[in-house]
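A closer look at the structure
This is what each chain is made of:
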Amino acid sequence: MPVDITWWGHATASVHDSGVTVLTDPLFARRLAHLRRRRGALPDDAAVRADVVVVSHLHADHLHLPSLARLAEGTVLLVPRGAPDRVAGLRELAARLDLREVAPGDRVALGPVALRAVPAAHDGRRLPWGPRGVPALGYVVEGAARTYFAGDTALFDTMAEEVGPVDVALLPVGGWGPFLGPGHLDARRAAEALVRLGPSHAVPVHYGTYWPVGMDAVRPHEFHSPGDEFARWAARLACRVRVATPGHGERVRLAAAR
């Protein structure tokens, strides 16, 4: 059975596997603080429909309360353990959503699909003043295929061991500004992650959607090019991995290995 990936922009994607839809880090906003959506139409209501939603960490471009508020009543929402204590709005959402806290190593079964939380090397606290203590996560969706959504992360020594064998990797390859700080992958480092993980397919995310207002002329290639750069680096470093670079709102179908 194939797995379908729909990229909605930034770190938001739908993973369709075995009749279950998993939505990652939903961000459906034209404007977020100093960021403006510059590419891709704002997703319609179809993007919000999901059986389970995963949040990788507490940064506002990954845990966006207005977007989570659009989820249907009873939707399963996985968040890093301790997140409701740091983000009061999550406690309000818990009244209508099936909110579950997870930590690395936890596994949640939902019919024919299971989701496994894995570590990420990223400062995932609620900025600008949030205390540390809530882990940043990635998730592996285990169904007909094993699909790894990395959230935000840097390379780390135990990445392959912690993530395990995967068929599809959704990897961040850029950011929302002209410079990437620590705890991120750029196009080349994301290709190096492919070498460690060895998936059969990869899809770049977290690039080319949001950009700071007034900075259109500052290193614009960092906005436009990371997806194609990732494909080029993957061809050099991990040539057996097939890279799909969908446009905003585009669905790609990938052949599951199992």
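Above this text is the structure in question.
The numbering scheme is per chain: residues are counted from 1 as the chain's sequence reads. Local features are withheld for residues below a pLDDT of 70 in this predicted model, meaning they are given only at 70 or higher, and side-chain atom pairs are given and counted only at 80 or more; totals for whole chains, interfaces and linings count all residues. Only heavy atoms go into the side-chain values, all of them from the structure, while hydrogens and water stay out.

1. Observations concerning the overall build of the chain
A tally of helices and strands in the chain yields seven helices and 17 strands. Summarising its shape, the C-alpha atoms of the chain cover approximately 50 × 45 × 35 Å along the three principal directions. The rule is simple: take the accessible area with a 1.4 Å probe, protein chains only, and divide by the maximum for that residue type; under 20% is buried, over 50% is exposed, in between is partly exposed. Counting only residues that meet the buried cut, the chain has 56% of its 258 residues in that class. Look at the contacts in the chain between residues 6 or more apart in sequence, and 66% of them connect residues 24 or more apart. For the chain, the computed accessible surface area is about 10700 Å², with 51% contributed by carbon and sulfur atoms. Only DSSP runs of H or I reaching four residues or more are called helices, and only runs of E reaching two or more are called strands; each is numbered from the N terminus. What makes two residues a contact is simply this: any of their non-hydrogen atoms within 4.5 Å. With residues, only the protein chains shown are counted as cover, and all accessible areas are computed by Shrake-Rupley using a 1.4 Å probe.

2. A short note on the sheet that holds strand 8 (residues 98–102)
If you walk across this open sheet you meet the seven strands as 8-7-6-3-2-1-17, and the pairing is mixed. In the strand order of this sheet, the two ends are held by strand 8 and strand 17 (250–254), each with one partner. In this sheet, neighbouring strand axes are inclined to one another by 20 degrees on average, regardless of whether the strands run parallel or antiparallel. Pairing between strands is defined by DSSP: at least two bridges between the two strands are required. Note: strand 1 (residues 3–9) against strand 2 (residues 12–17), five bridges, orientation antiparallel. When the sheet's bridge partners are listed, Asp4 is paired in strand 2 with His16. Fitting a line to C-alpha atoms yields each axis, with helices limited to the stretch in contact; the angle taken between N-to-C directions then spans 0 to 180 degrees.

3. So, the sheet that holds strand 13 (residues 168–172)
Strand order in the open sheet formed by seven strands is 9-10-11-12-13-14-16, and the pairing between neighbours is mixed. The open sheet is flanked by strand 9 (107–110) and strand 16 (242–243), the only strands paired with a single partner. As defined by bridge partners, strand 11 (residues 137–142) adjoins strand 12 (residues 146–149) across four bridges and the pair is classed as antiparallel. From the neighbouring strand, Val140 faces strand 12, where its bridge partner is Tyr148. Packing against the sheet, helix 5 (residues 187–197) makes contact with strand 12, strand 13 and strand 14 (201–205), and its axis sits at approximately 150 degrees to strand 13.

4. Points about the environment of Arg86
With respect to the helices and strands, Arg86 occurs in helix 2 (residues 83–86). For the pair Arg86 and Val134, spaced 48 residues apart in sequence, the C-alpha separation works out to 8.3 Å.

5. Some points on the nonpolar core
Among the nonpolar cores identified, the biggest contains 54 residues, and Leu78, Leu115, Tyr148, Leu171, Leu194 and Phe230 are the most heavily contacted of them. No other element matches the six residues that helix 5 contributes to this core. Not counting residues within four places of it along the chain, the set of residues in contact with Leu194 comprises Ala169, Leu171, Pro199, Ala202, Phe230, Ala234, Ala238 and Val241. The criterion is simple. A nonpolar core is a set of buried Ala, Val, Leu, Ile, Met, Phe, Trp, Tyr and Cys residues joined through side-chain atoms within 4.5 Å. The next biggest cluster of nonpolar side chains, apart from the first, holds 20 residues, and it includes Phe28, Val53, Val87 and Val134.

6. Some points on the packing of helix 5 against helix 7 (residues 226–237)
Two elements in contact, helix 5 and helix 7, have axes whose closest approach is 8 Å; the angle formed by their N-to-C orientations is 40 degrees. As summarised for this structure, helix 5 and helix 7 are arranged oblique, according to the angle between their axes. In the crossing of helix 5 with helix 7, the sense of the turn from one axis to the other is right-handed. Touching Ala187, Arg188, Ala190, Ala191, Glu192, Leu194 and Val195 of helix 5 are Pro226, Glu229, Phe230, Trp233, Ala234 and Leu237, all from helix 7. In what follows, roughly perpendicular refers to angles from 65 to 115 degrees, roughly parallel to angles under 35, roughly antiparallel to angles over 145, and oblique to any angle outside these ranges. By convention the crossing between two helices is left-handed if the near helix lies anticlockwise of the far one by an angle smaller than a right angle, and right-handed if it lies clockwise.

7. Concerning the pairing of strand 2
Within strand 2, six of the six residues are buried, leaving the element largely enclosed by the surrounding structure. Of the two faces of strand 2, the one holding Thr12, Ser14 and His16 and the one holding Ala13, Val15 and Asp17 are both buried throughout. Counting the residues in the hairpin turn of strand 1 and strand 2 gives two residues, including His10, whose phi is positive at 50 degrees. Where strand 2 and strand 3 (residues 20–24) come together, five bridges link them in antiparallel fashion. From the neighbouring strand, Asp17 faces strand 3, where its bridge partner is Val20.

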